[in-house]
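Each chain, letter by letter, is given below.
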Amino acid sequence: METKETTYTLCPKFEKAFSILGKKWNGLIIDVLLQEKEQRFVDMAHKIPMLSDRVLTERLKELEKEGIVSKTDDLYQLTDKGVGLKEVLDSVRNWSQDWLTEKECNFSSSADSC
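To keep things clear, this report deals only with the structure shown in the data block. (Residues numbered from 1 in each chain as written. Predicted model: local features only at pLDDT ≥ 70, side-chain atom pairs only at ≥ 80, totals over all residues. Heavy atoms only, no water.)

**Thoughts on the sheet that holds strand S2 (residues 69-72)**
And then number 1: Spatially, S1-S3-S2 is the arrangement adopted by the three strands of the open sheet, whose pairing is antiparallel. Only two strands of the sheet have a single partner each, and these edge strands are strand S1 (39-40) and S2.
And then number 2: Strand direction decides the pairing type here: S2 and strand S3 (residues 75-78), joined by four bridges, are antiparallel. Paired with Lys71 across the two strands is Tyr76, which belongs to S3.
And then number 3: Lying on the sheet, helix H2 (residues 26-36) is in contact with S1, S2 and S3; it crosses S3 at an angle near 95°.
And then number 4: Contacts from helix H4 (residues 53-65) reach S2 and S3 within the one sheet, and its direction differs from that of S2 by about 105°. (Pairing = 2+ DSSP bridges. Helix = DSSP H or I, 4+ residues; strand = E, 2+ residues; numbered from the N terminus. Contact = heavy atoms within 4.5 Å. Axes fitted to C-alpha atoms, helices over the stretch in contact; angles between N-to-C directions.)

Structure, rendered in structure tokens:
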């Protein structure tokens, strides 16, 4: 019996999506904007306190360049492309609820449970 070998290759679009979503903090920034809609920089910084202002600035610029976030006056918001990630982040949230424990997440005593 002959077996046919197939070679797996990454889809460039899939790889690009993971390069955006896999970058540390991007998912959390997008989630804040999904939950809270328009946000000022300072408000986002308060919602993700472990993220430095410098890195938040860098990530927001990168997400703007990717067409996921837009900035009008002092407000950041998701573009249609960014809002399109809602189902992805909802799926990740559901997976985390099913498979991760609070102990694995290193919750501090002041952190709220999900």
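**Observations concerning a nonpolar patch on the surface**
And then number 1: Among the surface-exposed residues, Tyr8, Leu10, Phe14 and Phe18 lie close enough to one another that they form a single nonpolar patch of about 500 Å² accessible area.
And then number 2: For Leu10, the location among the structural elements is in the segment before helix H1 (12-21).
And then number 3: By relative accessible area, which is 46% here, Leu10 ends up partly exposed. (Patch = residues over 30% accessible without salt bridge, like charges linked within 9 Å, V, L, I, M, F, W, Y side chains within 5 Å. Areas by Shrake-Rupley, 256 points an atom, 1.4 Å probe, with all protein chains shown as cover. Salt bridge = Lys/Arg side-chain N within 4 Å of Asp/Glu carboxyl O. Buried < 20%, exposed > 50% of the residue type's maximum accessible area, 1.4 Å probe, protein only.)

**So, the pattern of salt bridges**
And then number 1: One pass over the full model with this rule turns up nine salt bridges.
And then number 2: Linking Asp90 and Arg93 is a salt bridge whose minimum nitrogen-to-oxygen distance equals 3.4 Å. Here Asp90 and its partner Arg93 are both found in helix H6 (residues 86-99), three residues apart, which amounts to about one turn of the helix.
And then number 3: Residue classification places Asp90 among the partly exposed residues on the basis of a relative accessible area of 25%.
And then number 4: Bridged by salt links that share partners, the residues Lys23, Arg54, Glu58, Arg59 and Glu62 form one connected network.

**Brief notes about the packing of H2 against H6**
And then number 1: For the pair H2 and H6, interaxial distance at closest approach is 11 Å and the crossing angle is 110°. Classified by the interaxial angle, the pair formed by H2 and H6 is roughly perpendicular. Packed against H2, whose contacting residues are Gly27, Ile30, Asp31, Leu34 and Gln35, the element H6 presents Lys86, Leu89 and Arg93 at the interface.
And then number 2: Here the contact of H2 with H6 is composed, by residue class, of three nonpolar, two polar and three charged. (Parallel < 35°, antiparallel > 145°, perpendicular 65-115°, else oblique. Nonpolar A, V, L, I, M, F, W, Y, C, P; charged D, E, K, R; others polar.)

**Observations regarding the nonpolar core**
And then number 1: Counting 21 residues, the largest nonpolar core has Ile29, Ile30, Met44, Ile68 and Val69 as its most contacted members.
And then number 2: When residues in this core are grouped by element, the largest group, five residues, is from H2.
And then number 3: Excluding residues that lie within four positions of it along the chain, Ile30 makes contacts with Leu21, Leu63, Ile68, Leu78, Gly82, Leu85 and Leu89. (Core = buried A, V, L, I, M, F, W, Y, C linked by side-chain atoms within 4.5 Å.)

**Some words on the layout of surface pockets**
And then number 1: When its volume is computed, the largest pocket comes out at roughly 1400 Å³.
And then number 2: Lining the largest pocket are 35 residues, and of these Gly27, Leu28, Asp31, Val92 and Arg93 sit closest to its centre.
And then number 3: No other element matches the seven residues that H6 contributes to the lining of the largest pocket. (1 Å grid on protein atoms, 1.4 Å probe; cavity = no way out; pocket = protein on both sides within 12 Å on 5 of 7 lines; lining within 4 Å. Points joined across faces, edges and corners; volume = space filled by probe spheres on them.)

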